[in-house]
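Reading the structure
Each chain, written out:
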Amino acid sequence: MKKKISTLQTIYREGKEQLELSGVPDADLDAWYLLEFVTGISKARYYGNPEAGMEEEEVLRYRDVIRQRAERIPLQHITGEQEFMGFSFQVNEHVLIPRQDTETLVEEALGVLKPKMEILDLCTGSGCILLSLLKLGEKQGIAGLKGTGADISREALKVAEENGRRLEIPGDQLAWVRGDLFEKLEGPFDLLVSNPPYIPSGELSGLQEEVRLHDPALALDGHEDGLYFYRRIAAEAGKYLRDGAFLMLEIGWDQGKAVRGLLEAAGYQEVEVKKDLSGNDRVVRGRYGK
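Anyway, here's the lowdown on the structure attached to this text. Fair warning: this is a prediction, and the values are worked out from it, not measured in the lab.

A few words now on the packing of helix 10 (residues 228-236) against helix 11 (residues 256-265). The contact between helix 10 and helix 11 brings their axes to 9 Å, and the two run at 20°. One way to sum up the angle between helix 10 and helix 11 is to call them roughly parallel. Pair helix 10 / helix 11 crosses with right-handed handedness. Contact residues: helix 10 offers Y230, R231 and A234, while helix 11 offers V259, L262 and L263. Its residues assigned to classes, the contact of helix 10 with helix 11 comprises five nonpolar, no polar and one charged.

Another aspect to go through is the pairing of strand 8 (residues 189-194). Along strand 8, six of the six residues are buried, which leaves the element largely enclosed by surrounding structure. Two strands pair when backbone bridges link them, and strand 5 (residues 118-122) and strand 8 are joined in this way by four bridges, in the parallel orientation. Across the sheet, residue I119 finds its bridge partner in strand 8, namely L191. Pairing between strand 8 and strand 9 (residues 241-250): five bridges, direction parallel.

On to the packing of aromatic side chains. Here the structure, examined in full by the defined rule, presents eight aromatic pairs. Taking the centre distance of 5.7 Å and the plane angle of 80° together, the rings of Y12 and Y46 count as edge-to-face. One end of the pair, Y12, is in helix 1 (residues 8-21); the other, Y46, is in helix 3 (residues 43-48), and 34 residues separate them in sequence. Judged by its relative accessible area of 11%, Y12 is buried. Of the residues examined, Y46 reaches a relative accessible area of 5% and is grouped as buried. Aromatic pair Y228 and F229: ring centres 4.8 Å apart, planes at 90°, arrangement edge-to-face. Here the aromatic residues Y12, W32, Y46 and Y47 are joined through ring pairs into a cluster of three or more. For K16, the ring lying beneath its charged end belongs to Y12, and the centroid distance is 5.9 Å.

Along the chain, L241 turns up in strand 9. Spatially, the C-alpha atoms of L241 and G289 are 9.0 Å apart, while their sequence positions differ by 48 residues. If near-sequence neighbours (up to four positions away) are discounted, L241 is found in contact with P188, F189, L192, L247, Y268, Y288 and K290.

For the structure shown, the criterion picks out 22 salt bridges. Residues R63 and E14 are paired through a salt bridge, measuring 2.8 Å at the closest nitrogen-oxygen approach. Of the two residues, R63 is situated in helix 4 (residues 56-70) and E14 in helix 1; the sequence distance between them amounts to 49 residues. Given the relative accessible area of 37%, R63 is considered partly exposed. Take E14: its relative accessible area is 28%, and that puts it in the partly exposed class. Across the pair D64 and R67 runs a salt bridge, and its minimum N-O distance is 2.6 Å. Here D64 pairs with R67, and both are found in helix 4, just three residues apart, close to one helical turn. Several salt bridges share partner residues, and in doing so they unite D30, R69, R72, E209 and E210 into one network.

The next subject is a negative patch on the surface. Judged by side-chain charge, E17, E20, D26 and D28 come together as a negatively charged surface patch. You can see D26 is positioned in the loop between helix 1 and helix 2 (27-39).

Reading the values: the criteria
- Residues numbered from 1 in each chain as written.
- Predicted model: local features only at pLDDT ≥ 70, side-chain atom pairs only at ≥ 80, totals over all residues.
- Heavy atoms only, no water.
- Axes fitted to C-alpha atoms, helices over the stretch in contact; angles between N-to-C directions.
- Helix = DSSP H or I, 4+ residues; strand = E, 2+ residues; numbered from the N terminus.
- Parallel < 35°, antiparallel > 145°, perpendicular 65-115°, else oblique.
- Left-handed = near helix turned anticlockwise from the far one by under 90°.
- Contact = heavy atoms within 4.5 Å.
- Nonpolar A, V, L, I, M, F, W, Y, C, P; charged D, E, K, R; others polar.
- Buried < 20%, exposed > 50% of the residue type's maximum accessible area, 1.4 Å probe, protein only.
- Pairing = 2+ DSSP bridges.
- Phe/Tyr/Trp six-rings, centres within 6.5 Å; stacked < 30°, edge-to-face > 60°.
- Lys NZ or Arg CZ within 6 Å of the ring centre and 35° of its normal.
- Salt bridge = Lys/Arg side-chain N within 4 Å of Asp/Glu carboxyl O.
- Patch = residues over 30% accessible without salt bridge, like charges linked within 9 Å, V, L, I, M, F, W, Y side chains within 5 Å.
- Areas by Shrake-Rupley, 256 points an atom, 1.4 Å probe, with all protein chains shown as cover.
- Lys, Arg positive; Asp, Glu negative; His and termini not counted.
- Charge placed at Lys NZ, Arg CZ, Asp CG, Glu CD.

Now the structure itself:
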């Protein structure tokens with residue numbers, strides 16, 4: 001019989017205190033998520049009996065994941081999961097962790113989906129944008145959608161492929177391409193979405209440790225002014241888009257005016273800047289016209 005060496009409440013408090021001492025943001029919440037991850041316990045069960053005993057191996061495992069989080073390893077890299085648009089995605093050190101801000105991009109794109117659209121997701125990373133669009137489009141009865149996810153990172157595409165399998169998206173509906181933006185792509189596409197790297201190189205050193213040390217630099221570095229990839233997309237995308245196709249790009253909170261100007265200068269029509277739930281500029285969208 002396995003030995004019970006401590007209680008849920010005692011170990012949870014211990015974890016929370018260790019994370020607080022290490023300066024981890026939302027220490028209380030992360031300590032709980034890790035307890036849930038290790039034990040599988042729900043909040044209802046915990047509050048119903050916080051004095052329930054824990055087995056020794058569970059305590060040791062919990063202390064280990066708390067130690068990792070105290071070292072500022074992202075919670076999602078410890079659990080290997082991140083929820084996005086109601087789906088669970090596998091994540092690791094090779095992909096940007098999906099963030100709520102990016103859901104604004106998906107919601108904008110959902111509003112223009114039509115049957116048999118061909119969707120291109122540049123800098124796809126975990127595949128969360130493209131896969132969410134395909135799954136949610138299916139739920140809405142939008143038939144015949146197809147998607148292509150492109151990324152320069154071979155390891156990122158492995159994660160995206162696994163997420164496609166986990167979400168049970170048929171192979172004939174989905175393609176993954178390794179290349180630098182439009183390299184190796186053919187098209188034409190009806191919708192282009194992208195969350196490209198957009199942080200100016202000089203600002204990378206000031207990012208949170210979780211981001212600076214553990215998110216892939218390839219997914220963050222937008223070169224000198226953060227606009228390098230937007231310039232390339234604005235200049236090159238037209239060769240790969242059908243007449244009337246939509247282009248939607250996630251941006252940094254202070255980049256709306258600049259990216260809007262790039263699309264307008266490239267001849268895109270109906271260019272708009274959309275805000276996220278926090279009221280910050282988050283998505284620039286436009287339509288391609290030949």
